[in-house]
Amino acid sequence: QVQVAESGGGLVQAGGSLRLSCIVSGLTFDDYAMGWFRQAPGKEREGVATVDGNGVTTYADSVKGRFTISQDNAKTTLYLQMNSLKPEDTAMYYCAASVGWVPLVPLQRTEYNYWGQGTQVTVSS
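Residues numbered from 1 in each chain as written. Predicted model: local features only at pLDDT ≥ 70, side-chain atom pairs only at ≥ 80, totals over all residues. Heavy atoms only, no water.

Caption draft 1: Region of interest: the nonpolar core. One finds Trp36, Leu80, Met82 and Tyr93 to be the most contacted residues of the largest nonpolar core, which totals 26 residues. Secondary-structure elements contributing two or more residues to this core are strand 3 (18-25), strand 4 (34-39), strand 5 (46-51), strand 7 (67-71), strand 8 (77-82), strand 9 (91-97) and strand 11 (119-124). (Core = buried A, V, L, I, M, F, W, Y, C linked by side-chain atoms within 4.5 Å. Buried < 20%, exposed > 50% of the residue type's maximum accessible area, 1.4 Å probe, protein only. Helix = DSSP H or I, 4+ residues; strand = E, 2+ residues; numbered from the N terminus.)

Laid out in structure tokens, this is it:
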């Protein structure tokens, strides 16, 4: 059974950094695309950063240059390094895994089948 669990969220001041972690069991990161999504209250869940089965990364324009997605050597943990955080980054962040090797639209949430319960990131101004 596939299980996804995020951690690392918290409260940080604007300009600060956080690193989110996602542990996945039941599948391997090198076989499936993985991604980070976020959802603020009253808004739709949006793609933040993804990595496909070939290691190709995709970033939302709003986080490009500030966030970095990566995997550990065992490909069992996914990370999101978030630097220069802004108040508009405040959201529940979700880790997701796709059954597809290369999603046609990497940042589209419907491309992903397995989801964690989320970890809250709050950035104060």
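Caption draft 2: Region of the structure containing the side chain of glutamate 6. Structurally, glutamate 6 can be placed in strand 1 (residues 3-7). A polar side-chain atom of glutamate 6 sits 2.7 Å from the main-chain amide nitrogen of cysteine 95. Among the polar contacts made by the side chain of glutamate 6, one reaches the main-chain amide nitrogen of glycine 118 at a distance of 2.9 Å. Those residues in contact with glutamate 6 that sit more than four places away from it in its chain are Ser21, Cys22, Trp36, Tyr93, Tyr94, Cys95, Gly116, Gln117, Gly118 and Thr119. (Polar contact = N/O pair within 3.5 Å; in protein donor to acceptor, adjacent residues only side chain to side chain. Contact = heavy atoms within 4.5 Å.)

Caption draft 3: Looking closely at the pattern of salt bridges. Taken as a whole and assessed by the stated rule, the structure comprises three salt bridges. Put simply, glutamate 46 and arginine 38 hold a salt bridge, and the shortest N to O gap is 2.9 Å. Residue classification places glutamate 46 among the partly exposed positions, given a relative accessible area of 39%. Ionic pairing is found between aspartate 89 and arginine 38, a salt bridge with its closest N-O pair at 2.9 Å. You can see aspartate 89 sitting in the loop between strand 8 and strand 9 and its partner arginine 38 sitting in strand 4, a full 51 residues away along the chain. Note on arginine 38: relative accessible area 6%, which makes it buried. Via salt bridges that share partners, Arg38, Glu46, Arg66 and Asp89 belong to a single interconnected network. (Salt bridge = Lys/Arg side-chain N within 4 Å of Asp/Glu carboxyl O.)

Caption draft 4: Spatial organisation of the state of the cysteines. Across all of its chains, the model carries one disulfide by this definition. The partner cysteine of cysteine 22 in its disulfide is cysteine 95, sulfur to sulfur 2.0 Å. Torsion about the S-S bond of the cysteine 22 and cysteine 95 cystine: about -80 degrees, corresponding to left-handed handedness. Here cysteine 22, found in strand 3, pairs with cysteine 95, found in strand 9; they are 73 residues apart in sequence, far enough to count as distant. Here the two residues cysteine 22 and cysteine 95 agree in accessibility, since each one is buried. (Disulfide = S-S within 2.5 Å.)

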